[in-house]
Amino acid sequence: MTRYLVLLRHAPLMAKIGVLLIALYAVTAIFAPWLAPYPEAAVVGPKYQPWAAPHWLGTDALGRDVLSRLIYGARNTVGIALVTTVLAFLLGTTTGLLAATVGGWFDTLASRVVDVLMAIPSLIFALLILTITGTSVVALVLVIAVLDSTRVFRLSRAVAQGILTMDYIEVARMRGEGLGWIVRREVLPNAAAPLIAEFGLRFCFVFLFISALSFLGLGLQPPTADWGSMVRDSAKLISFANFSSWNAATFGLAPLLPAGAIALLTLAVNMVVDWVLHVSSGLKD
Amino acid sequence: MSKLLEISDLKIEARGGDGWNEIVKGVGLQVARGEVVGLIGESGAGKSTLGLAAMGYVKPGLRIAGGSIRFDGQELVGAPESMLRDLRGRRIAYVAQSSAAAFNPAWRLIDQHCEGPVRHGVMSRAEAQAEAVALYRQMRLPDPETIGFRYPHQVSGGQLQRAMTAMAMACRPDLIIFDEPTTALDVTTQIEVLSAIRDAVRDHGSAAIYITHDLAVVAQMADRVKVLLKGTEVEEAPTREMLANPQQDYTRSLWAVRDFRPSPRDPATSAEPILRIENVTAGYGALPVLRDVSFSVARGRTVAVVGESGSGKSTTARVIMGLLAPSQGRVLFEDQPLAAPGRQRPRDLQRRVQMIHQMADTALNPWHRVRDVIGRPLEFFLGLRGAAKEARIRELLAEIELEPSQFIDRLPGELSGGQKQRLCIARALAADPDFIICDEVTSALDQIVAEGILRLLDRLQREMGLSYLFITHDLATVRSIADEVVVMQQGRVVEQGPKDEMFTPPHHPYTELLLSSVPEMDPDWLSRLLEQRRAAVGKGDAA
Amino acid sequence: MTRLSPIPRLILRRLATGLLTLLIVSAIIFWAIELLPGDIATEILGQSATPETLAAFRERFGLNDPPMIRYLHWLGGALTGDLGLSMANQRPIADLLADRATNTFFLAGYAAVIAVPLAVVLGVAAALYRGSMLDRFISNATLTVISFPEYFVAYILILIFAVQLQWFPSLAAVSPGMGLGARLYATFLPALTMVLIVMAHMMRMTRAAIVNLLALPYVEMAHLKGVKRRRVIAVHALPNAVAPIATVIALNLAYLIVGVVLVEVVFVYPGLGQLLVDSVAKRDVTVVQGACLIFAATYILLNLAADIVGIVSNPRLLHPR
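Residues numbered from 1 in each chain as written. Chains lettered and ligands numbered in written order. Predicted model: local features only at pLDDT ≥ 70, side-chain atom pairs only at ≥ 80, totals over all residues. Heavy atoms only, no water.

Per an unreviewed UniProt entry, chain C is named Peptide/nickel transport system permease protein, and its organism is Paracoccus alkenifer. In the Subcellular location (unreviewed entry) part of its UniProt record, chain C is described as follows: "Cell membrane". Quoted verbatim from the Sequence similarities (unreviewed entry) field of UniProt, the annotation for chain C is "Belongs to the binding-protein-dependent transport system permease family." (UniProt positions renumbered as here; feature names shortened; annotations may be inferred.)

An unreviewed UniProt entry lists chain A under the name Peptide/nickel transport system permease protein, with Paracoccus alkenifer given as the organism. Comment text from UniProt for chain A, heading Sequence similarities (unreviewed entry), reads "Belongs to the binding-protein-dependent transport system permease family."

Structure follows, in structure tokens:
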């Protein structure tokens with residue numbers, strides 16, 4: 001970790017901006033209740049207020065403060081995406097590393113299951129499952145985590161298989177080391193760099209995915225403040241955008257604020273991942 | 001008369017983490033028409049880079065930083081791409097080390113052969129094709145009329161290397177650059193390729209630059225030899241002169257490796273065998289790789305297993321280590337059968353039999369520090385912890401001649417090739433073994449480094465009474481270190497016995513072929529060998 | 001003299017696994033509904049429904065049969081183009097889906113026709129002129145676009161082209177009798193949205209595939225034979241790039257088919273995606289099943305096609321030893 005901090009000092013500008021943005025989002029999400037001027041779901045003013053004090057980004061169709069909802073949205077949307085990605089990772093790397101190391105029937109079974117799950121597009125699968133489970137946060141997180149873990153499985157299995165052909169694994173096996181030691185001490189340190197990069201990419205994907213479901217009205221449900229649903233709620237306003245006056249312009253741009261918040265975070269993560277991939281591939285040779 | 005190629009004070013730089021590093025540091029090279037110049041040096045000497053520069057080419061990530069390359073009076077440094085393109089393939093040609101990778105898998109050999117002459121406008125497609133068949137015949141390829149119509153993956157490695165040499169000759173170039181063309185081949189295949197290349201170059205009167213790390217090979221091929229070390233020039237002389245009387249210490253040290261002899265043995269201790277392999281047949285799937293293999297290793301002695309790729313020598317090691325279960329036969333260690341798979345062996349048995357791999361690079365986990373690499377077996381087998389473990393790690397580092405305080409915290413990436421292999425030896429020693437399998441432990445190393453490793457292994461054997469099973473394809477190594485020799489071919493033992501017996505005739509025909517195929521330093525060796533073989537065939541026909 | 005090439009065998013095997021996958025997926029789609037807690041009829045008709053209406057509903061949808069019978073019945077129907085009745089409005093699903101599916105495939109095809117050639121050409125160009133201004137621009141632009149949610153791109157396009165410039169309609173309203181020109185015009189913005197997003201992915205993947213290829217020793221060898229750069233690329237690099245590029249295209253077409261769901265919702269386009277989302281909200285199980293099956297089948301077939309191109313273009317398989 002400290003090595004990455006040292007490297008960060010010499011990182012390209014894009015990566016530094018990325019890290020800074022991610023930090024900003026993290027701070028916003030953690031300190032949301034203190035940062036937000038108004039409560040998350042309370043009606044605090046007239047509907048559709050323009051961008052002016054005290055509602056710096058106006059109010060929505062119910063008269064809730066948009067700035068506050070954006071700040072709480074960071075906590076809800078990013079938080080849930082993070083939890084989902086972590087779950088997907090735990091599931092995917094554990095099964096992937098095990099499948100590669102143990103091999104045999106476990107590998108065959110896990111790989112076939114993943115093949116089938118991946119043969120169905122994730123969005124379609126998620127929609128199918130959500131029809132059954134209904135739209136609850138727990139269902140959402142579990143469904144996406146399981147679907148996404150298939151990709152983590154494939155990657156970690158492939159990476160581990162590459163590592164397992166190395167002679168140092170043979171040395172450990174000849175010494176009589178157990179499975180746990182081989183996975184933890186021999187395989188995992190070498191798989192770390194690609195898995196870290198993959199974590200970033202998977203997070204982006206999950207984050208966009210949850211936002212997309214919310215945008216479709218099938219993700220996080222009101223009154224929870226969430227960027228995807230905020231885009232959905234204010235979507236129609238875009239056709240009223242015109243730049244003749246401040247009020248009219250800010251009114252029409254309402255859907256772009258949450259959508260932009262999503263886009264910016266994904267972009268920041270992607271910029272950092274690009275750099276991590278570059279650094280880790282460079283360190284190898 | 002002006003030289004065909006005149007490189008002077010050439011500097012080439014490589015892009016590194018912090019700017020550009022010089023990797024060829026002001027080297028000169030001259031080649032006259034029809035002359036063959038050998039470039040020799042260890043890895044990192046810059047010989048391939050220099051060879052490619054003779055075509056005005058540098059690999060991506062490199063740049064020419066200074067000096068001049070004149071080919072037939074034309075300056076190539078800074079020359080326009082169109083001019084270089086006109087020279088490449090037509091007047092200067094290149095033969096790569098790995099022909100399997102250098103042939104395009106999507107096209108037939110003859111299409112790739114004809115591309116040069118047709119594109120350069122030297123001849124028509126029909127002429128080029130006829131010419132190709134003639135060259136294939138000259139390179140002594142089987143079925144010269146039809147072999148060109150095969151795809152690269154349908155042809156064997158040695159044949160592919162000859163087809164590539166034929167391709168290089170397609171435009172009758174003035175200069176051919178051979179970049180380690182036989183390094184990836186087995187010795188018996190190497191002979192065919194070497195003799196074909198040498199005859200073809202002579203017949204066509206082409207000049208050539210022959211790049212290799214093998215002195216004996218260069219002695220057969222080159223009129224003149226230039227020795228490189230880390231991007232600088234060490235010395236240059238006509239081949240015979242250099243072999244007879246090398247001027248520089250470095251050059252002499254290259255020669256010295258082959259003279260290494262182990263310390264004398266006490267004949268009294270050669271009594272009982274420590275390891276016996278009895279009638280082992282083993283393989284992957286239905287196909288047996290080993291067939292009925294039997295031999296034994298005496299305590300405190302070194303048995304060398306020799307053979308070419310595919311002979312089953314590495315599989316033998318895997319069977320002993322318990323990574324592969326034999327379908328028939330058994331392995332006995334001190335008269336106790338060794339269980340397979342090895343996981344079922346008692347830990348003490350696992351401790352007493354250790355193995356050192358060929359590639360120290362892949363045998364060391366890049367994320368484990370020296371301390372952990374040596375510490376783990378100490379902990380695992382001997383239960384050492386804390387200060388006792390630390391002290392033993394330092395002792396072992398001193399044993400393998402690495403300064404403990406300097407090396408103990410390093411990662412493998414911070415060690416040189418030889419140091420890595422020493423670390424692997426230390427890891428094996430940490431288990432306090434009686435028997436060590438050395439699987440081609442020196443073949444990935446430069447000769448001087450390899451000699452250091454052999455000396456170390458010899459000293460350890462003397463001091464600790466270790467027994468070695470030494471797997472190698474290099475007969476020079478066998479000659480220097482083995483007490484007994486086992487010759488393997490296609491999964492069978494074809495001959496075995498004490499070294500002195502094995503190296504004196506009469507031999508088994510395969511041993512004979514193997515022994516006679518190992519290049520010797522004598523520049524006349526190849527001609528003499530071919531002469532002898534021709535005579536033998538003649539006799540055979542007459543009989 | 002003719003040895004049987006392994007290609008037909010490999011293709012047959014790949015087709016068989018494709019079909020098997022499709023069968024398993026259809027089973028998953030059907031059986032997933034069986035996991036529904038409680039009773040479908042009550043779920044659809046609500047708690048207030050009388051026992052008689054519930055019984056009639058069960059009878060009409062064959063819910064009293066064992067699940068295996070219903071699955072086989074459904075599968076048999078699907079093969080002959082009959083997907084049963086909608087639970088919400090009791091109309092035949094096939095009729096409901098036919099128009100919608102046509103619209104969706106039209107939009108995806110529209111986007112693909114523009115995106116695929118452009119992306120391949122630009123991706124190859126970026127790889128050939130690695131490190132150039134063009135390459136850096138492409139790499140930054142594509143990274144930005146793939147970070148954006150589909151609807152963000154869509155709204156920006158709407159803002160510019162529909163609201164400000166008023167060149168194209170913001171709602172992609174199409175009707176069955178519409179001419180091709182009018183249809184292309186009406187669906188221009190949704191198509192453009194999908195073009196931008198798919199191109200970004202495709203260009204990055206194409207570039208990576210070609211960069212890998214150009215680093216191979218035989219490409220260097222071709223240069224050392226004095227072959228012109230353009231010929232090196234056309235003769236030595238591209239024939240070996242067919243399989244990787246085909247994979248990239250198939251992956252992205254599959255992505256297009258799925259990504260269309262969001263774009264349809266933004267532009268209120270009467271496609272399959274829109275219908276699927278609505279049906280999920282209404283929990284109209286049978287329609288969801290039908291739509292999912294169409295999406296999944298398309299996806300599986302595209303991946304199948306990519307693999308077959310890969311098999312056919314592999315010289316080692318074309319010319320066995």
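Visitor: Go over the packing of helix α5 (residues 93-128) of chain C against helix α6 (residues 133-147) of chain C with me, naming the residues and quoting the values.
Guide: Residue and element names in this part refer to chain C. One way to put it is that α5 packs onto α6 with a least axis distance of 8 Å and a crossing angle of 125 degrees. Comparing the axis directions of α5 and α6 gives the class oblique. As α5 runs across α6, the sense of the crossing is left-handed. Residues Leu122, Ala125 and Ala126 of α5 form the contact with α6, whose own contacting residues are Leu134, Asp135 and Ile138. Its residues assigned to classes, the contact of α5 with α6 shows 5 nonpolar, no polar and 1 charged. (Axes fitted to C-alpha atoms, helices over the stretch in contact; angles between N-to-C directions. Helix = DSSP H or I, 4+ residues; strand = E, 2+ residues; numbered from the N terminus. Parallel < 35°, antiparallel > 145°, perpendicular 65-115°, else oblique. Left-handed = near helix turned anticlockwise from the far one by under 90°. Contact = heavy atoms within 4.5 Å. Nonpolar A, V, L, I, M, F, W, Y, C, P; charged D, E, K, R; others polar.)

Visitor: Just give me the short version of the pattern of salt bridges, but keep the residues and values in it.
Guide: Considering all chains together, one arrives at 59 salt bridges over all chains under this definition. A salt bridge links Arg157 of chain A to Asp107 of chain A; the shortest N-O distance between them is 2.7 Å. Here Arg157 of chain A is found in helix α7 (residues 137-164), whereas its partner Asp107 of chain A is found in helix α5 (residues 104-119), with 50 residues between them in sequence. Residue class for Asp107 of chain A comes out buried when judged on its relative accessible area of 12%. Where Asp307 of chain C meets Arg14 of chain C, a salt bridge forms, and the shortest distance between an N and an O atom there is 2.7 Å. Placement of the pair is Asp307 of chain C in helix α13 (residues 285-312) and Arg14 of chain C in helix α1 (residues 6-34), with a sequence separation of 293 residues. Salt bridges here are not isolated pairs; linked through shared partners, they connect Arg175 and Glu177 of chain A together with Arg376, Glu379, Arg385 and Lys389 of chain B. (Salt bridge = Lys/Arg side-chain N within 4 Å of Asp/Glu carboxyl O. Buried < 20%, exposed > 50% of the residue type's maximum accessible area, 1.4 Å probe, protein only.)

Visitor: Give me the pairing of strand β13 (residues 302-306) of chain B: which residues, what numbers.
Guide: Residues and elements named next belong to chain B. Of all 5 residues in β13, 5 are buried; the element is thus mostly enclosed. Relative to strand β18 (residues 467-472), β13 runs parallel, the two being bridged by 5 bridges. Counterpart to Ala304 in the pairing with β18 is Phe470. By the bridge criterion, 4 bridges tie β13 to strand β19 (residues 484-489) in an arrangement that is parallel. Considered in β19, the bridge of Ala304 is made with Val485. (Pairing = 2+ DSSP bridges.)

Visitor: Describe the sheet that holds strand β11 (residues 273-284) of chain B, and please don't skip the residues or the numbers.
Guide: All names here are of chain B. Spatially, 4 strands are ordered β12-β11-β14-β15 in an open sheet, and the strand pairing comes out antiparallel. Lying at the two open borders of the sheet, with one neighbouring strand each, are β12 (287-298) and β15 (336-337). In the sheet, β11 pairs with β12 via 8 bridges, with the strands oriented antiparallel. Its bridge partner being in β12, Leu275 is matched across the sheet by Val297.

Visitor: Got a sec to walk through the UniProt feature "domain: ABC transmembrane type-1" (unreviewed entry) in chain C? Specific residues and values, please.
Guide: Residues annotated in UniProt with the feature "domain: ABC transmembrane type-1" (unreviewed entry) correspond here to residues 101-306 of chain C. The span residues 101-306 of chain C shows a helical share of 83% and a strand share of 0%, and its end C-alpha atoms are spaced 22 Å apart.

Visitor: Talk me through the UniProt feature "transmembrane region" (unreviewed entry) in chain A; I want residue IDs and the actual numbers.
Guide: All names here are of chain A. Within this structure's numbering, the places UniProt gives as "transmembrane region" (unreviewed entry) are residues 13-36, 78-106, 118-147, 199-220 and 256-277. Secondary structure within residues 78-106 divides into 97% helix and 0% strand; the distance between the first and last C-alpha atoms comes to 34 Å. For the annotated span residues 199-220, helix accounts for 77% and strand for 0% of the residues, and the straight-line distance between the end C-alpha atoms is 23 Å.

Visitor: Quick rundown of the pairing of strand β4 (residues 62-71) of chain B? Include the residues and the values.
Guide: All names here are of chain B. Alignment of β4 against strand β5 (residues 74-75), held across 2 bridges, turns out to be antiparallel. Considered in β5, the bridge of Phe71 is made with Gln74. The hairpin formed by β4 and β5 contains 2 residues between the paired strands, and Asp72 there has a positive phi angle of roughly 50 degrees.

Visitor: An account of the UniProt feature "transmembrane region" (unreviewed entry) in chain C is requested, with residue identities and associated values reported.
Guide: Residue and element names in this part refer to chain C. Mapped onto this numbering, the UniProt entry annotates "transmembrane region" (unreviewed entry) at residues 12-33, 105-129, 141-162, 182-200, 238-267 and 287-312. Helix makes up 100% of residues 12-33 and strand 0%, and the two end C-alpha atoms of the span are 32 Å apart. Annotated as residues 105-129, this span is 96% helix and 0% strand, and its ends, taken at the C-alpha atoms, are 35 Å apart.

Visitor: Provide a residue-level description of the side chain of Gln220 of chain B, including the pertinent values.
Guide: Residue and element names in this part refer to chain B. The topology assignment puts Gln220 in helix α9 (residues 215-221). Side-chain polar atoms of Gln220 contact the backbone oxygen of Glu520, separated by 2.8 Å. A polar atom in the side chain of Gln220 sits 2.9 Å from the backbone oxygen of Asp522. Once you skip the residues sitting within four places of it in the chain, Gln220 turns out to touch Arg198, Glu520, Asp522, Pro523, Asp524, Trp525 and Leu526. (Polar contact = N/O pair within 3.5 Å; in protein donor to acceptor, adjacent residues only side chain to side chain.)

Visitor: Residue-level account of the interface of chain C and chain A, with values.
Guide: Counting residues at the interface gives 42 residues for chain C and 41 residues for chain A. It is Ser147, Tyr151 and Tyr155 of chain C in chain C that bury the most area against chain A; as a group they hold 17% of the surface buried on that side. Counting the contacts that link chain C with chain A gives 1 salt bridge. Its salt-bridge partner being Asp274 of chain A, residue Arg204 of chain C comes within 3.5 Å of it at the nearest N-O pair. The tally of links between chain C and chain A comes to 3 residue pairs in polar contact (both at pLDDT 80 or more). Mapped onto the side of chain C that touches chain A, the elements with two or more residues apiece are α1, α6, α7 (150-164), α11 (229-266), α12 (272-282) and α13 of chain C. Residue contributions to the side of chain C that touches chain A peak at 8 residues, all from α7 of chain C. (Buried area = accessible area lost by both parts, 1.4 Å probe.)

Visitor: Any details on empty space enclosed by the protein? Residues and values, ideally.
Guide: Tallied over the full model, the rule gives 6 cavities of 30 Å³ or more. In this structure, the largest cavity spans a volume of roughly 110 Å³. Lining of the largest cavity is provided by Val171, Met174 and Arg175 of chain A together with Met321, Val353, Gln354, Met355, Pro377, Cys424, Arg427 and Ala428 of chain B. Among the secondary structure elements, those contributing two or more residues to the lining of the largest cavity are α8 (167-175) of chain A together with β16 (353-356) and α18 (417-430) of chain B. When its volume is computed, the second largest cavity comes out at roughly 90 Å³. In terms of lining residues, the second largest cavity is bounded by 13 residues, among which Gly89, Ala93, Met167 and Ala168 of chain B together with Lys225 of chain C are the most central. Looking at the lining of the second largest cavity, the elements with two or more residues in it are β6 (92-95), α4 (109-119) and α7 (157-168) of chain B together with α10 (217-224) of chain C. The element best represented in the lining of the second largest cavity is α4 of chain B, accounting for 3 residues. Of the residues belonging to the lining of the second largest cavity, the class tally is 9 nonpolar, 3 polar and 1 charged. (1 Å grid on protein atoms, 1.4 Å probe; cavity = no way out; pocket = protein on both sides within 12 Å on 5 of 7 lines; lining within 4 Å. Points joined across faces, edges and corners; volume = space filled by probe spheres on them.)

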